[in-house]
Amino acid sequence: MAGEVIEIKDLRFRYKHREVLSGVSFSVKKGEVFGFIGPNGAGKSTTIKAMIGLLFPESGTIRIHGMDPADPAMRRKIGYLPEEASYYRFLTPLEILRFYGSVSGMDGASLKRRSGELLELVGMAEFRNKQVGTFSKGMAQKISLAQALLHDPETLILDEPTSGLDPIAKSVLRDLLKTLAERGKTIFFSSHELSEVALLCDAISIIKAGKVVLSGPIGKVVGAGDQNLEKLFIRLVKGEEA
Amino acid sequence: MRNVAAIAGVVVKEIFRKKDFYVAFVFTGIVLFYAARLRFYDVGNTYRYLMDIGLGLGMSFAALLTATLAARQFPAEMQGRTCHVLLSKAVSRREYVAGKFLGSFAAGASCYLLFFGVLLLFTLTKTHQVSFAAAAQAYVLFCMGLMLLTALCTALGFVMTPAANATVSLTLYLMISLYGVTLRQAAEKQEGVLRPVLLAVNLLIPHFGFFDMRQRLIHGWDPISWKLAALLCVYASAYSAVFLAIGWLLFRKKNIS
C-alpha cells in the first residue's frame, strides 16, 4: 500500500525447534510513531532483528522502504538502537560515531559536525575521548541513541530505547522523538513503558507468544489515556487466559 | 571498499590498544638484549644466533597475535553484540568478512614490521650486512604466510570458539611450517593407497613453510628470484581467497541473535 514504510506479512521464525514468531503481520505508515509492545519473550526483539537483517525468517516478507532487509541500501535509510547497547570497548564515543558514520556513507565534514552535535544532545560531550569500556549501561545507551540518529535516517527502529536511561535522559529522548516525529520521521519502537507508548504513538501492535493480537491506530484501539492502554495490555496478555 | 577499510581500521586499533602486543614486543626486546650481551666462548658471528632468535621470536609472536586476533573477531562480536549495530548499517556481510580479515592481517603485518625493523636495526649495529632485497622479500613473504593464517582463522571463526580456532590454526601453521616440506618425500617412500593419499594431502595443504626466508637472512644468502616471490604471493592469495569464500558462505545466512 502506498505510504507504508514498513510492511511485515506472515513472518515466521523458529529458534531451536521453538516457534518464536508465528505469522507476525503489521504495517507502519510514513511519518507514524509506532509502538510495538508485548510481554518478555513475546517476540519483539526477534521481529526487530529480522527487520534489520540480523535474522532470516523461515517464511513471510519484510519490506522497509520497499526493500528487503538484506539489502544494504535499505539499511542506509534506517537508524537502529539495540535493546542492550554494546560497543567496541577500546574506542571512544567520538571514534565510534566516526566509524558508524563512515560505514553509513557520510562525508568527513558532515560526520564531524553531526558527531559533535549528537554527543552534546545526549549529554556525552565531556566523555567524547574516554574509552567506552569504562561506561555505565545508561552512558552506552546514550551513545546508542547518537549512533542511531547519526546519518539522519528516514526511519528509526528502536528496541527498548529508554532501557537503562536516567529520568532526565528519558525526558530528553521523549522530546527528541516528538521533534523527530514532527519532522516527518517514521519511528518504530518496542517498549515496556506503556505510559510512554500512549504518550508518543500514533499506532500500536501488541504481540503475544509470537502473534500480533491487536494492531491499529492508538485512538481506535484504546481510546485516550495510558490507564486504558495498561488495562487493555494486561487483559490481552494475561487476563483472558485467567 | 570504504566500509571494508573502516571495519579493518577498528581491528587494527584493537591490537594496538590492548596490552598483548606490547608484552610480546618488550619480551622480544629483553631476550635480544640479553642474548646480545652473552659471550659464547669467543665464538665469532654471534649475530647469526641473534638473528635466528630474534626472527624466530618475532615470527612466532606475530603469528600468535594475528591468529588470536582473527580468531576472536566474530565470536567476540556475537557475544558482545557489537555486530548488531554494525550489521544494521549499510554494510554487507561480504564487506564485514573482508573488513575483519583485512584488519586482522594489517594488524599482524604491522606488528611484524615493528619486530622485524627493530631486529634489523639491532643486527646492523652488530656490523652484520643485510641485503635490502633479501630483507624486503623475507618481510613480504612472511606477511603472505600471515595472510593465509588470517584467512584460515577468519573462516574458522564462524564455526569455532576463539580458543579452539587459535589452537587448531596455530597447530596447523606450526606443523605444516615444520613438516610440510618433508611430506612429499615421505609420500614418495610409501607404497599402496597411502602414497596417493599423502600426495593429495601435500597438494591440498597450504604450505606455510614456503614463506619462511629466515635462513637467507641469517646466512646472508641471495634473495630468491622475484618471479618465484610473485608466484608465492599468488599462491597465498589464492588459498586466502578460498578460505575467505568458505567463511563468507558460512556467515552469509547466519542468524545473529
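Located above this text is the structure these notes cover.
Calculation notes
- Residues numbered from 1 in each chain as written.
- Chains lettered and ligands numbered in written order.
- Predicted model: local features only at pLDDT ≥ 70, side-chain atom pairs only at ≥ 80, totals over all residues.
- Helix = DSSP H or I, 4+ residues; strand = E, 2+ residues; numbered from the N terminus.
- Rg over C-alpha atoms; globule rule 2.2 N^0.38 Å.
- Buried ≥ 20, exposed ≤ 12 C-beta atoms within 10 Å, placed from the backbone.
- Contact = placed C-beta atoms within 7 Å.
- Nonpolar A, V, L, I, M, F, W, Y, C, P; charged D, E, K, R; others polar.
- Pairing = 2+ DSSP bridges.
- Right-handed = clockwise from strand over helix to strand, strands pointing away.
- Expected span 1.5 Å × (residues − 1).

Asks: Pulling in residues and values, what's your account of the overall build of chain A?
Replies: Looking only at helices and strands, chain A features nine helices and nine strands. In terms of overall dimensions, chain A is globule-like: its C-alpha atoms have a radius of gyration of 18 Å, near the 18 Å expected for 242 residues. Taking the principal axes of the C-alpha coordinates as reference, chain A spans close to 55 × 35 × 35 Å. Looking at chain A as a whole, 48% of its 242 residues qualify as buried. Looking at chain A alone, contacts between residues at least 24 apart form 68% of all its contacts between residues at least 6 apart.

Asks: Tell me about the overall build of chain B, and please be specific about residues and values.
Replies: Within chain B, the regular secondary structure consists of 10 helices and zero strands. Order of helices (α) and strands (β) in chain B, N terminus to C terminus: α-α-α-α-α-α-α-α-α-α. Taking 257 residues into account, the globule formula puts the C-alpha radius of gyration at 18 Å, and chain B, at 20 Å, falls close to it. The dimensions of chain B, computed from C-alpha atoms along their principal axes, are 65 × 55 × 30 Å. Counting every position in chain B, which comprises 257 residues, the buried fraction comes to 42%.

Asks: Outline the interface of chain A and chain B, supporting the account with residue identities and numerical values.
Replies: Across the boundary between the two partners, chain A contributes 26 residues, which contact 23 residues of chain B. Those elements that place two or more of their residues in the side of chain A that touches chain B are α2 (72-75) and α3 (93-103) of chain A. Top element by residues in the side of chain A that touches chain B is α3(A). It accounts for four residues. Partitioning the side of chain A that touches chain B into residue classes produces 16 nonpolar, six polar and four charged.

Asks: How would you summarise the pairing of strand β6 (residues 155-159) of chain A if you had to cite specific residues and measurements?
Replies: Within a regular strand, the side chains alternate between the two sheet faces. Residues and elements named next belong to chain A. When you tally the buried positions in β6, you get five out of five residues, the bulk of the element. The alternating pattern of β6 places T155, I157 and D159 and L156 and L158 on opposite faces, both of which are buried. Two elements, strand β5 (residues 78-81) and β6, share four bridges in a ladder whose sense is parallel. Bridging across to β6, G79 finds its partner in L156. Pairing geometry for β6 and strand β7 (residues 186-190), over five bridges, is parallel. Bridged to I157 within β7 is F188. Running through helix α6 (residues 167-182), the crossover from β6 to the neighbouring parallel element β7 is right-handed.

Asks: Got a sec to walk through the environment of A:N129? Specific residues and values, please.
Replies: Residues and elements named next belong to chain A. Counting through the fold element by element, N129 comes out in the loop between α4 (108-121) and α5 (137-149). You can call N129 exposed: it has 9 C-beta atoms within 10 Å. The spatial distance from the C-alpha of N129 to the C-alpha of P93 is 6.6 Å, given a sequence separation of 36 residues. Filtering out sequence-adjacent residues up to four positions away, N129 remains in contact with T92 and L94.

Asks: Can you break down α6(A) residue by residue, with the values?
Replies: Side chains of residues three or four places apart in an α-helix project in the same direction, reflecting 3.6 residues per turn. When the terminal C-alpha atoms of α6(A) are compared, their 23 Å separation across 16 residues agrees well with the 22 Å that a helix rising 1.5 Å per residue should span. Phi turns positive, to about 95°, at A:G184, one or two residues after α6(A).

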